[in-house]
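Working through the structure, step by step
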Amino acid sequence: VRTRTGAWEIKVEGHADRVGKSRSAFLDNWRLSADRAIATVEYLAQAGRVPRTQLSVASFGDTRPLTTNRTEEGRRKNRRVELLFRPPEQKNLSPR
């Protein structure tokens with residue numbers, strides 16, 4: 001993604017629900033959210049549309065849910081990847 005003022009940066013954030021598949025759900029969810037974000041970055045880079053130098057990855061596990069993890073619908077919404085676009089002139093990508 002390029003404009004007259006330079007290249008935009010894209011931060012890819014991976015998220016998970018609170019349900020885990022083992023006794024160590026926190027680590028599993030952390031890795032799962034990282035894998036989601038990495039897979040998205042690899043896809044964007046391999047598709048040839050976004051140079052790797054414009055991409056970054058963040059993993060949040062189950063620490064930033066959008067909604068409750070008590071229902072299947074809520075858990076489905078919490079399992080996600082978010083893309084944050086930063087114009088070249090901005091220094092901070094996210095106020096989080």
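An account of the accompanying structure is given in this report.

Structural notes on the overall build of the protein chain
Each helix and strand counted, the protein chain has two helices and five strands in total. In the protein chain, the order of α-helices and β-strands from amino to carboxyl end is β-β-β-α-β-α-β. Out of the 96 residues belonging to the protein chain, those deemed buried represent 35%. Restricting the contact set of the protein chain to residue pairs at least 6 apart, pairs at least 24 apart contribute 65%. Element-wise, carbon and sulfur atoms account for 51% of the exposed surface of the protein chain, whose accessible area totals about 6600 Å².

Digging into the pattern of salt bridges
Under the definition given, this model contains nine salt bridges. For the salt bridge of Glu72 with Arg76, the shortest nitrogen-to-oxygen distance reads 3.7 Å. With Glu72 and Arg76 both in helix α2 (residues 72-78) and four residues apart, this pair spans about one turn of that helix. Among the salt bridges present, the one from Glu72 reaches Arg79, with a minimum N-O distance of 3.0 Å. Classification of Glu72 as partly exposed rests on a relative accessible area of 38%. Residues joined by salt bridges that share partners form a network here, namely Asp17, Glu72, Arg75, Arg76 and Arg79.

Comments concerning the nonpolar core
Counting residues in hydrophobic clusters, the biggest one holds eight residues: Ile10, Val12, Ala37, Val41, Leu44, Ala45, Val50 and Leu55. Counting only elements with at least two residues in this core, the list comes to β3 (9-15) and α1 (25-46). Residue contributions to this core peak at four residues, all from α1. Setting aside anything within four residues of it in sequence, one finds Ala37 in contact with Val12, Glu13, Gly14, Val57, Ala58 and Val81.

A few points about the sheet that holds strand β4 (residues 55-59)
If you walk across this open sheet you meet the three strands as β4-β3-β5, and the pairing is mixed. Looking at the sheet topology across the chains shown, the edges are occupied by β4 and β5 (80-86). Each strand axis lies, on average, 20° off the axis of its neighbour in the sheet, ignoring direction. Sheet topology note: the β3/β4 ladder contains five bridges and is parallel. If you follow Ile10 over to β4, its bridge partner there is Leu55.

Calculation criteria
Residues numbered from 1 in each chain as written. Predicted model: local features only at pLDDT ≥ 70, side-chain atom pairs only at ≥ 80, totals over all residues. Heavy atoms only, no water. Helix = DSSP H or I, 4+ residues; strand = E, 2+ residues; numbered from the N terminus. Buried < 20%, exposed > 50% of the residue type's maximum accessible area, 1.4 Å probe, protein only. Contact = heavy atoms within 4.5 Å. Areas by Shrake-Rupley, 256 points an atom, 1.4 Å probe, with all protein chains shown as cover. Salt bridge = Lys/Arg side-chain N within 4 Å of Asp/Glu carboxyl O. Core = buried A, V, L, I, M, F, W, Y, C linked by side-chain atoms within 4.5 Å. Pairing = 2+ DSSP bridges. Axes fitted to C-alpha atoms, helices over the stretch in contact; angles between N-to-C directions.

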